[in-house]
Amino acid sequence: RIKRVANVLIRATTTPEDQISLKAEIVRELLTIREWETSSYLKWLAFELDSGLQIRPKQFQVAREVIKGNGDILQLNMGEGKTRVIIPMIILELTKDRNQLLRVMFLSNLRKEAFEYLHECLTGGLLNIHLGEMPFNRDIQLTPLRVLSMFNYLKDCQLNGIAVMLAPEHICSLQLKKLEIYLSN
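The structure displayed is predicted, hence computed values, not measured ones.

Draft legend 1. Layout of helix 8 (residues 168–184). Here helix 8 contains 17 residues, and its C-alpha end-to-end distance of 24 Å stays within 8% of the 24 Å for a straight helix at 1.5 Å per residue. H170, I171, S173 and K177 are the residues of helix 8 that are buried. In a view along the axis of helix 8, the buried residues occupy a sector of 165°, so they form one face of it. Facing away from the buried side of helix 8, by more than 90 degrees, are the exposed residues Q175, Y182 and L183. Contact partners of the buried residues in helix 8: strand 1 (103–105), helix 6 (108–123) and strand 3 (163–166).

Structure, rendered in structure tokens:
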């Protein structure tokens, strides 16, 4: 915690607006109390240590709701840690279940940056969670061998706890390709 406060102080500037923002950030950091049991979420604790951050109560609540999978709609404002905190928490928790393939969807214009960040924070250090990608477009010629290769890759990702990052158009393209093949036969 002291290290995080020190990092805030290092970023300090001299404008009055920045000083107010800085004070608010320090107070928020000092008042944040962990609402989750570290023994139940050891990978989250390692993520905090590796990333030099503390999971905030709202981030924990949102991650917990998503992990439950009730289909509830949740809204977060910009800057509340969706990409940098909550998604890594969800990936760390859901990759434990090797009976499911974990797909992480990002809009195309955010996917590359998100992949780079998630790869950096999850693959290295204490966590060793791997990420995969399987971009797809309708120009790809699907042969039985290629379909088998795709299936084996996804099965390998599932069995090894590898989260696969996709964009919505990859899924749409695959579904349209399936329809195209069906209609051509």
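Draft legend 2. Local environment of a nonpolar patch on the surface. A cluster of nonpolar side chains, namely L176, L179, Y182 and L183, defines an oily patch on the protein surface of about 460 Å² accessible area. Here L183 lies in helix 8. Its relative accessible area of 63% is what places L183 among the exposed residues.

Draft legend 3. Main features of unusual backbone geometry. With a phi angle near 55°, N128 is a residue other than glycine that sits in the positive phi range. Among the structural elements, N128 can be located in the loop between helix 6 and strand 2 (131–133). Assessed through its relative accessible area of 49%, N128 is described here as partly exposed.

Draft legend 4. Highlighting the packing of helix 3 (residues 42–51) against helix 5 (residues 82–94). With their axes 9 Å apart at the nearest point, helix 3 and helix 5 run at an angle of 145° to one another. The two elements helix 3 and helix 5 cross, and the hand of that crossing is right-handed. In this structure, helix 3 contributes K43, W44 and F47 to the contact, and helix 5 contributes R84, V85, P88, M89, L92 and E93. Taken together, the residues of the contact of helix 3 with helix 5 break down into six nonpolar, no polar and three charged.

Draft legend 5. Main features of the packing of helix 4 (residues 57–68) against helix 5. Direction vectors running N to C along helix 4 and helix 5 enclose 40°, while the axes themselves pass 9 Å from each other. One finds that helix 4 runs oblique with respect to helix 5. As for the relative orientation of helix 4 and helix 5, their crossing is right-handed in sense. Touching Q59, F60, V62, A63, V66 and I67 of helix 4 are V85, I86, M89, I90, E93 and L94, all from helix 5.

Draft legend 6. Structural detail: the pattern of salt bridges. Scanning the model with the defined rule gives eight salt bridges in all. Between R34 and E48 there is a salt bridge, with the nearest N and O atoms lying 2.5 Å from each other. On the criterion of sequence distance, the pair formed by R34 in the loop between helix 2 (16–31) and helix 3 and E48 in helix 3 is long-range, its members being 14 residues apart. With a relative accessible area of 33%, R34 lands in the partly exposed category. Note that K68 and E65 form a salt bridge whose closest N and O atoms lie 3.3 Å from each other. With K68 and E65 both in helix 4 and three residues apart, the pair spans about one turn of that helix. Three or more residues are tied together by salt bridges with common partners; here these are R138, K177 and E180.

Criteria and thresholds
- Residues numbered from 1 in each chain as written.
- Predicted model: local features only at pLDDT ≥ 70, side-chain atom pairs only at ≥ 80, totals over all residues.
- Heavy atoms only, no water.
- Helix = DSSP H or I, 4+ residues; strand = E, 2+ residues; numbered from the N terminus.
- Expected span 1.5 Å × (residues − 1).
- Buried < 20%, exposed > 50% of the residue type's maximum accessible area, 1.4 Å probe, protein only.
- Arc of directions from axis to C-beta.
- Contact = heavy atoms within 4.5 Å.
- Patch = residues over 30% accessible without salt bridge, like charges linked within 9 Å, V, L, I, M, F, W, Y side chains within 5 Å.
- Areas by Shrake-Rupley, 256 points an atom, 1.4 Å probe, with all protein chains shown as cover.
- Salt bridge = Lys/Arg side-chain N within 4 Å of Asp/Glu carboxyl O.
- Axes fitted to C-alpha atoms, helices over the stretch in contact; angles between N-to-C directions.
- Left-handed = near helix turned anticlockwise from the far one by under 90°.
- Nonpolar A, V, L, I, M, F, W, Y, C, P; charged D, E, K, R; others polar.
- Parallel < 35°, antiparallel > 145°, perpendicular 65-115°, else oblique.

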